[in-house]
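Fold and contact review
As a plain string of letters, each chain reads:
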Amino acid sequence: MRSLNTPLSTVAHGRRISHVLALAACLAAPASWAGRPLVTEDAEVLARGECEIEGFFGRVEKPRGDSHSLQLGCGVGGGTQLGLGAGRDRSEDDRVNAIAVNGKTGLREPSPGQPGLAIAYAASGLKHFGGPLRLDASEIKGVATLDSDGWLYHFNAGWAYAHEERAHRAIWALAVERPNALGPIDLMAETFGDNKSNPWVQLGARWAVVPERLFLDASWGLQSRHGRPRQATLGFTLKL
């Protein structure tokens, strides 16, 4: 899946909730399909006993702030992987610690010409500076991945709920990925959002420093609304 990756406004509670949902949705991404730096989920699931560590640092403009996270995900068998992650979101007037748990269950494995299908689910908590940790958001979504002529296409559609505000949102994401576009470097682009806010557009790249084991990545994205909020990230994925 992905990581506390980007956008700052996908679910109610503004920028901070979306950070946490991004974290919850990206704790254990298989590097060979989607994963960092994409926010869009992929349909492949880690095999039993396979684990990955992901981390990233992000800088936000308009409004200014930064965030970072670290997460571990492992395949537990039965076509399911589970993950746990923690991160911090810091702005000019607040600091927020986040913790998230997530899972993904495969319904059909991706293969050339046949889309892979999965269900992804997550729950997250937030702790503002000086405040208690509280359950903050939950989500569930359907995931599809299509491998076609060397290109990977990912589609997500689902539902998210902000517990404190009792607010529901429909969430969606679309991504296209070109593995080994420039030798060991994968290139990708995506758009994502919900039914109550303007969508984000993001570009990303991932470099296989050690094939099938260590990956470095970067992304840059902006939101299509007044002021055009934007964010850049640097991250890594390590397969254990």
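Use the structure listed above.
Reading the values: rules and limits
Residues numbered from 1 in each chain as written. Predicted model: local features only at pLDDT ≥ 70, side-chain atom pairs only at ≥ 80, totals over all residues. Heavy atoms only, no water. Helix = DSSP H or I, 4+ residues; strand = E, 2+ residues; numbered from the N terminus. Buried < 20%, exposed > 50% of the residue type's maximum accessible area, 1.4 Å probe, protein only. Contact = heavy atoms within 4.5 Å. Disulfide = S-S within 2.5 Å. Phe/Tyr/Trp six-rings, centres within 6.5 Å; stacked < 30°, edge-to-face > 60°.

Section: the overall build of the chain
Of the regular secondary structure elements, the chain holds one helix and twelve strands. Secondary structure of the chain in N-to-C order comes out as α-β-β-β-β-β-β-β-β-β-β-β-β. The 240 residues of the chain split such that 50% are buried. Taking as baseline every contact in the chain between residues at least 6 positions apart, the subset at least 24 positions apart corresponds to 51%.

Thoughts on the environment of Pro-211
With respect to the helices and strands, the residue Pro-211 is situated in the loop between β10 (197-210) and β11 (214-223). The exposure class of Pro-211 is exposed, given its relative accessible area of 63%. In this structure the C-alpha to C-alpha distance between Pro-211 and Pro-184, which are 27 residues apart in sequence, comes to 8.0 Å.

Quick notes on the state of the cysteines
What we call a disulfide is simply a covalent bond connecting the sulfur atoms of a pair of cysteines. Under the criterion given, the structure shown has one disulfide. Between the sulfur of Cys-51 and that of Cys-74 lies a disulfide, 2.0 Å long from S to S. Because the torsion about its S-S bond is 115°, the bridge between Cys-51 and Cys-74 counts as right-handed. Of the two residues, Cys-51 is situated in strand β1 (residues 51-61) and Cys-74 in strand β2 (residues 65-77); the sequence distance between them amounts to 23 residues.

Comments concerning the packing of aromatic side chains
Centre distance and the angle of the planes are the two values used to describe a pair of aromatic rings. If you walk through the whole model with that rule in mind, you get two aromatic pairs. An angle of 10° between the planes, with centres 6.0 Å apart, marks the rings of Trp-159 and Tyr-161 as stacked. Given the relative accessible area of 36%, Trp-159 is considered partly exposed. We classify Tyr-161 as buried; its relative accessible area is 17%. An angle of 5° between the planes, with centres 6.5 Å apart, marks the rings of Phe-192 and Trp-200 as stacked. Assessed through its relative accessible area of 2%, Phe-192 is described here as buried. Using a relative accessible area of 1% as the deciding quantity, one classes Trp-200 as buried.

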